[in-house]
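Read off the chains here:
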Amino acid sequence: MAEKRDYYEVLGIGKTASDDEIKKAYRKLAKQYHPDLNPGDKTAEEKMKEVNEAYEILSTPEKKSRYDQFGHAGVDPSYGGGGSGFGGFSGGFSNMSGMGGIDDLNDLFSSFFGGGFSSSSRSRSATAPRRGQDIQASVTISFLEACHGKKVEITYNRPDKCPDCNGSGAAPGGTVSNCSDCNGSGSVKTTQRTPFGVISSESACPKCGGKGKIISEPCKKCGGAGKVNMQKTLSVDIPAGISAGQNIQLSGQGAAGSNGGPYGDLHIRINIRPDEIFARDGFDIHSDFPVTYTQAVLGDELTVPTIDGNVKYTIPEGTQGGTIFRLKGKGVKKLNRNDHGDHYVHIVVEIPQKLSAKQKDKLREFDASLTLQNYQKRSSFIDKIKKMFS
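**Q** Requested: an account of the packing of helix 3 (residues 42-58) against helix 4 (residues 61-70), with residues and values cited.
**A** Packed helices, taken two at a time, are described by their axes: the angle between them and the distance between them. Where helix 3 contacts helix 4, the two axes come as close as 6 Å, and the packing angle between them is 100°. What the angle tells us is that helix 3 and helix 4 run roughly perpendicular. Where helix 3 approaches helix 4, its residues Glu 56, Ile 57 and Leu 58 are matched on the opposing element by Lys 63, Lys 64 and Tyr 67. Residue composition of the contact of helix 3 with helix 4, grouped by class: three nonpolar, no polar and three charged.

**Q** Tell me about the nonpolar core, and name the residues and values.
**A** Grouped together as the largest cluster of nonpolar side chains are 19 residues, with contacts concentrated most on Leu 11, Ile 13, Val 51 and Leu 58. Secondary structure elements with two or more residues in this core: helix 1 (7-11), helix 2 (19-33) and helix 3. Once residues lying within four places of it in the same chain are set aside, the contact partners of Ile 13 are Tyr 8, Glu 21, Ile 22, Ala 25 and Leu 58.

**Q** Outline the environment of Gly 321, supporting the account with residue identities and numerical values.
**A** With respect to the helices, strands and loops of the structure, Gly 321 is situated in the loop between strand 13 (309-315) and strand 14 (324-327). Among the residues examined, Gly 321 registers a relative accessible area of 51% and is labelled exposed. Note: C-alpha distance between Gly 321 and Ala 296 (25 residues apart in sequence) is 8.0 Å. Sequence-distant contacts of Gly 321, that is, excluding residues within four places in its chain, are made with Ile 347 and Val 349.

**Q** So what's going on with the packing of helix 2 against helix 3? Which residues, and what values?
**A** In the contact formed by helix 2 and helix 3, the axes pass within 9 Å of each other and the chain directions differ by 165°. Considering their axes alone, helix 2 and helix 3 lie roughly antiparallel with respect to each other. Helix-helix and strand crossings are classified by hand; for helix 2 and helix 3 the assignment is left-handed. Where helix 2 approaches helix 3, its residues Ile 22, Lys 23, Tyr 26, Leu 29, Ala 30 and Tyr 33 are matched on the opposing element by Ala 44, Lys 47, Met 48, Val 51, Asn 52, Tyr 55 and Leu 58. Of the residues contributing to the contact of helix 2 with helix 3, the split by class is ten nonpolar, one polar and two charged.

**Q** Explain the sheet that holds strand 14 to me, and be specific about the residues and the numbers.
**A** Pairing between the strands of a sheet comes from backbone hydrogen bonds, and it takes one of two forms, parallel or antiparallel. Here we have four strands laid out as an open sheet, ordered 10-11-15-14, and mixed in their pairing. In this open sheet, the two edge strands, each paired with only one partner strand, are strand 10 (279-281) and strand 14. In this sheet, neighbouring strand axes are inclined to one another by 35° on average, regardless of whether the strands run parallel or antiparallel.

**Q** Give a description of the sheet that holds strand 9 (residues 266-272) that names residues and reports values.
**A** Strand order in the open sheet made by the three strands is 1-9-8, with mixed pairing throughout. Of all strands in the sheet, those bounded by a partner on one side alone are strand 1 (135-141) and strand 8 (247-250). The mean angle between the axes of side-by-side strands here comes to 25°, regardless of whether they run parallel or antiparallel. In the sheet, strand 1 pairs with strand 9 via seven bridges, with the strands oriented parallel. The residue bridging Thr 140 from the neighbouring strand is Asn 271, located in strand 9.

Cut-offs and rules
- Residues numbered from 1 in each chain as written.
- Predicted model: local features only at pLDDT ≥ 70, side-chain atom pairs only at ≥ 80, totals over all residues.
- Heavy atoms only, no water.
- Axes fitted to C-alpha atoms, helices over the stretch in contact; angles between N-to-C directions.
- Helix = DSSP H or I, 4+ residues; strand = E, 2+ residues; numbered from the N terminus.
- Parallel < 35°, antiparallel > 145°, perpendicular 65-115°, else oblique.
- Contact = heavy atoms within 4.5 Å.
- Nonpolar A, V, L, I, M, F, W, Y, C, P; charged D, E, K, R; others polar.
- Core = buried A, V, L, I, M, F, W, Y, C linked by side-chain atoms within 4.5 Å.
- Buried < 20%, exposed > 50% of the residue type's maximum accessible area, 1.4 Å probe, protein only.
- Left-handed = near helix turned anticlockwise from the far one by under 90°.
- Pairing = 2+ DSSP bridges.

The structure is reproduced here in structure tokens:
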């Protein structure tokens, strides 16, 4: 059997992708490789099958969880050897693609039978260092702060090492010793008969709860857990040009690990308050600018507000409502780059209201003169057309 590609690689996404990101990636690839759009293309047909298979696994929480833990073997028992049942593992347990060798196979059998093969590495895994969980947080900044960048302070709670026992779980003066039932391994071995013969399995030691250690006097602050929820404050640099919904990842600022394992990461989601004047489209800025009827007719020099301050811009005579002018390079700084987007100014002509009788007469007189001019221009144009065809 040909080795299957990683399902995340097939969809072009990372392992932390959300359900919406998985669905979006699938729709994009489905449009690209759909048979109706690629009639007779065998390569596209195979690609579509591969995409469908990847999406079917990653869009189903239970299957995705098994795949994340065991790789292809977690969702396809025949994967790895071309046979069916356990004969399909003929390639050797330590060489199974998508799994970490005999340890992971033990976990797979545990999910089926409540145990696994006997192995000292299984015992070690119960007390092996484990990385702490990632933590999600959010921060809200203003529109202009997102455009220019800002240093902010964020306060959040995370499971951290207990300050009283330094993570040992023992009260001052208390002792921590290896569990006598599991000899500090955190697991005990049992055997059971199955249709496949007698299988040795391992499970968490009931005496120590899988920790491998017995605490004579638990720490009063953490109850022997070795961790407590603690408040932490960090100073975070928000880069210029960041968009709403983007995340900033801070390594090692998540929850504390277990058994000496590293801290997880902190993921900060960015929320941005809307602005009264400016709107954003990617790295471009859009804003409306009201002008009077007279300014539109005669033209004028305008003082236009931008995210970096006011700039002068001259509109020509006869500017129409809805006209858009571009201020090049006056938009948002692009992330990790030095160039900027543009600022687009939308002209809004304000129509005068509540005119006096004298003003109305002047306006009618002005309109009549424009009407006469337009009539003369149209008459001249018609005369030219007649001469062309006479």
